[in-house]
Amino acid sequence: MFEVPATSAFVLSFANQEIYRGAAARTLLSSVDLSAADPIRAQFEDIHDEITMEILNRKYGVAQCCRKYLDENPTAQIIHLGGGLDPLPIDLAESYPKAHFFDVDMANMSLKEEINQKIGGPDVSFLTANLADIPSLTEILSNAGWDSDAPTLLVSEGISYYIPKEVYRHTLTSLQTSGGCLVFEYSVPDHILVGVPKAEIVFDFFERFTALLNMPIQMQRYDDPEVRDLAAGMNGEVVDILTQHQLEFSRTGRNEMRDDPRMGAIRIALIQLH
């Protein structure tokens, strides 16, 4: 069993085998000790069901969007941004062996590479980089073999909350490629939602979680017009925006917790780049 930091174990506890279907990702999940997250999970007991639903739907939707693009572009490049120890790129790399995967974050990449090697996982470049330092980020990617002139699938899950919007816009724009795609997951402002859970539940979750990380932030939330502006600034267009209502039905075949299309705080935009 690999021991991982408590906060990483907590995040990984949402990356269950319902979402990741490949042998390597399943082996990774069964190879890490998540018990360090038990005290953290206890702190979220009051909102556990709502947050679990939001995150499971989000992970399912992000994975489905990635697979849709890779089905049509099986030799593309994939940059996974700020995903930590999440096994998404490992799971995708096993299914799409002709694609080129770059997993980029500020921490835990050496540990993730070690785990992937020990379990005999697929070929993924695990890179340590600051997503806000564009010159360094692009240099590290280029040195690892990323071709800025070739179609690239950018995957942004669980990271848009933490980086100031203009900074993150610059990051994403610097990585855009013709024929590429951006899977952009984000939290929406409270005022456009109805019912429970409203966005303050997700905001409450991230406030508590970032306090555990000792990383106080001002949470970044996007409305749909802002996402369309982001797409236009990247010379792209929004192909689809998936709500929690749509994601729950697609994942489970029913709407039990998100029975109104305006419910749920996390959405996923699929952005085609030209």
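Computed from a predicted model, the values in this text were never measured in an experiment.

Novice: How should the packing of aromatic side chains be read in this particular structure?
Specialist: How two aromatic rings sit relative to each other is given by the distance of their centres and the angle of their planes. Taken as a whole and assessed by the stated rule, the structure comprises 14 aromatic pairs. Ring plane angle 20° and centroid distance 5.6 Å describe the contact between F184 and Y186, whose orientation is recorded as stacked. Taking 5.2 Å as the distance between ring centres and 85° as the angle between the ring planes, the aromatic pair formed by F184 and Y222 counts as edge-to-face. With F184 in strand β7 (residues 181-187) and Y222 in the loop between α9 (199-212) and α10 (224-233), this residue pair connects regions lying 38 residues apart in the sequence. Each of the two residues, F184 as well as Y222, counts as buried. The ring centre of Y222 lies 4.8 Å from the NZ or CZ of K165, which sits over that ring. Here R221 stacks its cationic end above the ring of F203, 5.2 Å away from the centre of that ring.

Novice: Looking at this model, I keep getting lost on the pairing of strand β5 (residues 125-128). Mind explaining?
Specialist: In summary, the side chains of a regular strand alternate between the two faces of the sheet. One ladder, built from 4 bridges, connects strand β4 (residues 100-105) with β5; its direction is parallel. Each residue of the ladder has a partner; that of D105, found in β5, is T128. On the question of chirality, the crossover connecting β4 to the parallel β5 by way of helix α6 (residues 109-118) is right-handed.

Novice: What am I meant to see in helix α11 (residues 244-252) here?
Specialist: Because an α-helix completes one turn every 3.6 residues, residues spaced three or four positions apart along the sequence face the same direction. For α11, every residue scored as buried is listed here: Q244, H245, L247, E248 and R251. Along the axis of α11, the buried positions cluster into a sector of 165°, meaning they face one direction only. Of the surrounding secondary structure, the elements contacted by the buried residues of α11 are α4 (48-72), β8 (236-242) and β9 (266-273). Immediately downstream of α11, the backbone of G253 shows phi near 80°, a positive value.

Novice: Explain the pairing of β4 to me, please; I cannot follow it from the model alone.
Specialist: Counting buried positions along β4 yields 5 of 6 residues, so the element is predominantly enclosed. Sheet topology note: the strand β3 (residues 77-81)/β4 ladder contains 5 bridges and is parallel. Residue pairing across strands places L81 opposite V104, the latter belonging to β4. In this view, the connection linking β3 to its parallel neighbour β4 by way of helix α5 (residues 88-95) has right-handed handedness.

Rules used in this analysis
Residues numbered from 1 in each chain as written. Predicted model: local features only at pLDDT ≥ 70, side-chain atom pairs only at ≥ 80, totals over all residues. Heavy atoms only, no water. Phe/Tyr/Trp six-rings, centres within 6.5 Å; stacked < 30°, edge-to-face > 60°. Helix = DSSP H or I, 4+ residues; strand = E, 2+ residues; numbered from the N terminus. Buried < 20%, exposed > 50% of the residue type's maximum accessible area, 1.4 Å probe, protein only. Lys NZ or Arg CZ within 6 Å of the ring centre and 35° of its normal. Pairing = 2+ DSSP bridges. Right-handed = clockwise from strand over helix to strand, strands pointing away. Arc of directions from axis to C-beta. Contact = heavy atoms within 4.5 Å.

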